[in-house]
Amino acid sequence: MSFLTRLGDKAGSLGAVASAMGCAVCYPAIASLGAAIGLGFLSQWEGVLFHVVLPLSAVLVILANGLGWFAHRQWHRTALGMIGPVLVLIGRYSLIRGIVYLGLAVMLAVAIWDLVSPAHRRCSADGGALADQAGR
């Protein structure tokens, strides 16, 4: 389960960033960065990226982090992992488009943090300490 949640988190974060890079009308700052690295061809699918891929990627990250809670039981990692996609969805469905940039930055930061320092289980399913952590 841990591998699937980590993979879902990274795939969702990458999908959200790539879809935002393809929407020049919606997110001009990040779309110019996307065009600079060669993602300008995504502009022909701007409607699909904005209406389908971006929200689905954010929902995928929320689900992956929610399922990740059952694997590592660390509320701060789960909360930080869910803040970014929630901000992306709020910015997507409201008139405050700047929130999307903040949400994407948080999503990328948490994804990189998870690559550098993966989560480890803190307690067992019944709430007690794990056997290898009991002596510490």
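The model shown is predicted, which means the values in this text are computed figures rather than measured ones.

Here's the deal with helix α5 (residues 98-116)
- If you check α5, its first and last C-alpha atoms are 28 Å apart, about what 19 residues at 1.5 Å a residue would give, namely 27 Å.
- Looking at α5, one finds that the buried residues are Ile-99, Val-100, Gly-103, Leu-104, Met-107, Val-110, Ala-111 and Asp-114. The buried residues of α5 occupy an angular sector of 135° when projected down its axis, which confines them to one face. Opposite the buried face of α5, at more than 90 degrees from it, the exposed residues are Ile-112 and Val-116.

Some details on helix α4 (residues 75-93)
- Over its 19 residues, α4 extends 27 Å from the first C-alpha to the last, a length consistent with the 27 Å expected when each residue adds 1.5 Å.
- In this structure, the buried residues of α4 make contact with α3 (46-72) and α5.

Describing the confidence of the model for the protein chain
- On average, residues of the protein chain carry a pLDDT of 76, and 81% of them reach 70 or more.
- Here helix α1 (residues 2-21) is the element of the protein chain with the lowest mean pLDDT, 74, and α4 is the one with the highest, 86.
- Confidence over residues 131-136 falls short of pLDDT 50; this stretch has 2 contacts with residues more than four positions distant or in other chains.

A short note on a nonpolar patch on the surface
- A cluster of nonpolar side chains, Phe-41, Trp-45, Val-48, Val-52 and Leu-56, forms an exposed patch at the surface whose accessible area comes to about 500 Å².
- Relative to the elements of secondary structure, Leu-56 occurs in helix α3.

Re the nonpolar core
- Among the nonpolar cores identified, the biggest contains 18 residues, and Tyr-27, Ile-30, Val-88, Leu-104 and Met-107 are the most heavily contacted of them.
- For this core, the leading source of residues is α3, giving 5 residues.
- When neighbours within four sequence positions are excluded, Ile-30 is seen to be in contact with Val-17, Ala-20, Met-21, Tyr-101 and Leu-104.

Let's talk about the side chain of Arg-92
- One can find Arg-92 in helix α4.
- Polar side-chain contacts of Arg-92 include one of 3.0 Å to the side chain of His-51.
- Setting aside residues up to four positions removed in sequence, Arg-92 forms contacts with Tyr-27, Phe-50, His-51, Leu-54, Pro-55, Arg-97 and Val-100.

What to know about the packing of α4 against α5
- Relative to each other, α4 and α5 sit at 155°, their axes nearing to 7 Å. One way to sum up the angle between α4 and α5 is to call them roughly antiparallel. At the point where α4 passes α5, the crossing takes the left-handed sense. Within the contact between the two elements, α4 uses His-76, Arg-77, Leu-80, Gly-81, Gly-84, Pro-85, Leu-87, Val-88, Ile-90, Gly-91 and Arg-92 and α5 uses Ile-99, Val-100, Leu-102, Gly-103, Leu-104, Val-106, Met-107, Val-110, Trp-113 and Asp-114.
- A breakdown of the residues in the contact of α4 with α5 according to their chemical character gives 13 nonpolar, 5 polar and 3 charged.

Cut-off values and rules
- Residues numbered from 1 in each chain as written.
- Predicted model: local features only at pLDDT ≥ 70, side-chain atom pairs only at ≥ 80, totals over all residues.
- Heavy atoms only, no water.
- Helix = DSSP H or I, 4+ residues; strand = E, 2+ residues; numbered from the N terminus.
- Expected span 1.5 Å × (residues − 1).
- Buried < 20%, exposed > 50% of the residue type's maximum accessible area, 1.4 Å probe, protein only.
- Arc of directions from axis to C-beta.
- Contact = heavy atoms within 4.5 Å.
- pLDDT = per-residue confidence, 0-100.
- Patch = residues over 30% accessible without salt bridge, like charges linked within 9 Å, V, L, I, M, F, W, Y side chains within 5 Å.
- Areas by Shrake-Rupley, 256 points an atom, 1.4 Å probe, with all protein chains shown as cover.
- Salt bridge = Lys/Arg side-chain N within 4 Å of Asp/Glu carboxyl O.
- Core = buried A, V, L, I, M, F, W, Y, C linked by side-chain atoms within 4.5 Å.
- Polar contact = N/O pair within 3.5 Å; in protein donor to acceptor, adjacent residues only side chain to side chain.
- Axes fitted to C-alpha atoms, helices over the stretch in contact; angles between N-to-C directions.
- Parallel < 35°, antiparallel > 145°, perpendicular 65-115°, else oblique.
- Left-handed = near helix turned anticlockwise from the far one by under 90°.
- Nonpolar A, V, L, I, M, F, W, Y, C, P; charged D, E, K, R; others polar.

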